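Working through the structure, step by step
Residue strings, one per chain:
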Amino acid sequence: MSAPRRVTPRDFVKKKQRGERIVMITAYSYPQARIVDAAGVDGILVGDSVAMVELGLPATIYVSMKEMLHHVRAVARARPRALVVGDMPFMSYERSRSEALRNAAAFIRAGADAVKLEGGAEVADRVEALVKAGIPVMGHVGLTPQRFLTIGGYRLMGKKAEQAAKLLEDAKAREDAGAFAVVIENTVAEVAAEITKRLRIPTICIGSGPWCDGQIIVLHDIVGLTEEPPYFTRRYADVASVMRRAVESYVEDVRSGRFPGEGMYRRMKPEELEAFRKLLRELDR
Ligand code: KIV
């Protein structure tokens, strides 16, 4: 049987035109990519949230290009049907267009189908340069966690009319620069709804309400691997408890001698065992 056709950025735009909801999720490793792809998502984001959920760092700004590429390679090796988007980390695209191009190309060579960049109008020239070079770009407006120091924390965005209008302008700048989709993070729902209405490209929301073209979520938050998940997520499973119980059973079994059990190890043939014992007797003499 031939492999199913892979999802492309064009498919995202067509889904919006057809009114079909787009589903994205994060994944950072080979097994995670296989699992989420088998579940039928349209897109996998190798997010810089890997910093917190996998690497134990305090914020996304501490993850490097090298670390991001390592995770993109692992996800791409799973050969998912879903579109793989690599998240460009802090300071990999801010300084210059040429640096943005070099780093985005590294993501594509590592197996990503597209890259995501945070920011609005101020990064439009970089988005344009990448698209011109043939690299599909996903925008990211609203709360942009790589700027949490200047924003003053992880705040809900667009509560005030002027800020809401600026968010709309940012999203439009991304569309005009050639992005194929835009993530809207942690804004009041009405702002995300208005952006969704006014853009031709799809909006993929996280913590920005239901009136968007699609949703994205952090895998660890929905499977119970995050200690304090945000209010806008839903826990569908408690994988942490399942894993812990499995390891507790293993610990118990090793300590009590029940592991490894019958059938979990191979024995020597009797004639080889006899020969081995003979050798040992000679050695011990
Ligand atoms: O890194 C990430 O997980 C993200 C999502 C929150 C969109 O950027």
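Describing helix 4 (residues 65-77)
- The end-to-end C-alpha separation of helix 4 is 18 Å, in line with the 18 Å expected for 13 residues at 1.5 Å each.
- Two residues or fewer past helix 4, Arg79 is found with a positive phi of approximately 45°.

Some words on the pairing of strand 5 (residues 137-142)
- Counting buried positions along strand 5 yields 6 of 6 residues, so the element is predominantly enclosed.
- Alternating residues of strand 5 divide into Val137, Gly139 and Val141 and Met138, His140 and Gly142, and every residue in both groups is buried.
- Sheet analysis places strand 4 (residues 114-116) next to strand 5, joined by 2 bridges and oriented parallel. Across the sheet, the residue bridging to Lys116 is Met138, located in strand 5.
- As for the winding sense of the linkage, the β-α-β connection from strand 4 through helix 6 (residues 124-132) to strand 5 is right-handed.
- As judged from the 5 bridges shared by strand 5 and strand 6 (residues 181-185), these two strands associate in the parallel manner. Across the sheet, residue Met138 finds its bridge partner in strand 6, namely Ala181.

Considering the layout of surface pockets
- When its volume is computed, the largest pocket comes out at roughly 700 Å³.
- Of all the secondary structure elements, the ones that give two or more residues to the lining of the largest pocket are helix 3 (50-53), strand 6, strand 8 (214-217) and helix 10 (219-223).
- Class assignment for the residues of the lining of the largest pocket results in 14 nonpolar, 8 polar and 7 charged.

What about a positive patch on the surface?
- Together, Arg267, Arg277, Lys278, Arg281 and Arg285 line one region of the surface with positive charge.
- When you line up the elements, Arg267 lands in the loop between helix 11 (239-256) and helix 12 (270-284).
- Note on Arg267: relative accessible area 71%, which makes it exposed.

Some words on the domain arrangement of the protein chain
- With domains assigned, the protein chain is organised as domain 1 (9-237) and domain 2 (241-284).
- Domain 1 and domain 2 are separated by 48 Å when their C-alpha centres are compared.

Structural notes on the site of the ligand
- Neighbouring the ligand are Thr26, Leu45, Gly47, Asp48, Ser49, Asp87, Lys116, His140, Val183, Glu185, Ile206 and Val218.
- Asp48 is positioned such that a nitrogen or oxygen atom in its side chain is 2.9 Å from an oxygen atom of the ligand.
- At a separation of 3.1 Å, an oxygen atom of the ligand approaches a polar side-chain atom of Lys116.
- Summarising the interface, the protein chains cover 95% of the accessible area of the ligand, which totals 260 Å² for the free molecule.
- If you map the ligand onto the pockets, it falls in the largest pocket.

Here's the deal with the sheet that holds strand 1 (residues 22-26)
- Overall, parallel pairing links the 8 strands, which are arranged 1-2-3-4-5-6-7-8 in a closed barrel. Going across the sheet, the axis of each strand differs from the next one's by a mean of 25°, ignoring polarity.
- Here 4 bridges tie strand 1 to strand 8, and the two strands are oriented parallel to one another. Counted as the bridge partner of Met24 is Ile216 from strand 8.

Side note on unusual backbone geometry
- Residue Pro260 follows Phe259 across a cis peptide bond; omega there is 0°.
- Along the chain, Pro260 turns up in the loop between helix 11 and helix 12.
- Here Arg79, not a glycine, exhibits a phi torsion of approximately 45°, which is positive.
- Residue position: Arg79 is located in the loop between helix 4 and strand 3 (83-87).
- Accessibility expressed as a relative area gives 73% for Arg79, which makes it exposed.

Topic: the side chain of Glu185
- The residue Glu185 is located in strand 6 in this model.
- In this structure, Glu185 is buried with no salt-bridge partner, the nearest side chain bearing the opposite charge being Lys116 at 6.1 Å.
- Within polar-contact distance, the side chain of Glu185 engages the side chain of His140 at 2.9 Å.

So, how was this worked out
Residues numbered from 1 in each chain as written. Predicted model: local features only at pLDDT ≥ 70, side-chain atom pairs only at ≥ 80, totals over all residues. Heavy atoms only, no water. Helix = DSSP H or I, 4+ residues; strand = E, 2+ residues; numbered from the N terminus. Expected span 1.5 Å × (residues − 1). Buried < 20%, exposed > 50% of the residue type's maximum accessible area, 1.4 Å probe, protein only. Pairing = 2+ DSSP bridges. Right-handed = clockwise from strand over helix to strand, strands pointing away. 1 Å grid on protein atoms, 1.4 Å probe; cavity = no way out; pocket = protein on both sides within 12 Å on 5 of 7 lines; lining within 4 Å. Points joined across faces, edges and corners; volume = space filled by probe spheres on them. Nonpolar A, V, L, I, M, F, W, Y, C, P; charged D, E, K, R; others polar. Patch = residues over 30% accessible without salt bridge, like charges linked within 9 Å, V, L, I, M, F, W, Y side chains within 5 Å. Areas by Shrake-Rupley, 256 points an atom, 1.4 Å probe, with all protein chains shown as cover. Salt bridge = Lys/Arg side-chain N within 4 Å of Asp/Glu carboxyl O. Lys, Arg positive; Asp, Glu negative; His and termini not counted. Charge placed at Lys NZ, Arg CZ, Asp CG, Glu CD. Domains from an automatic or database assignment. Near = heavy atom within 4 Å. Polar contact = N/O pair within 3.5 Å; in protein donor to acceptor, adjacent residues only side chain to side chain. Sits in = over half its atoms within 2 Å of the grid points. Axes fitted to C-alpha atoms, helices over the stretch in contact; angles between N-to-C directions.

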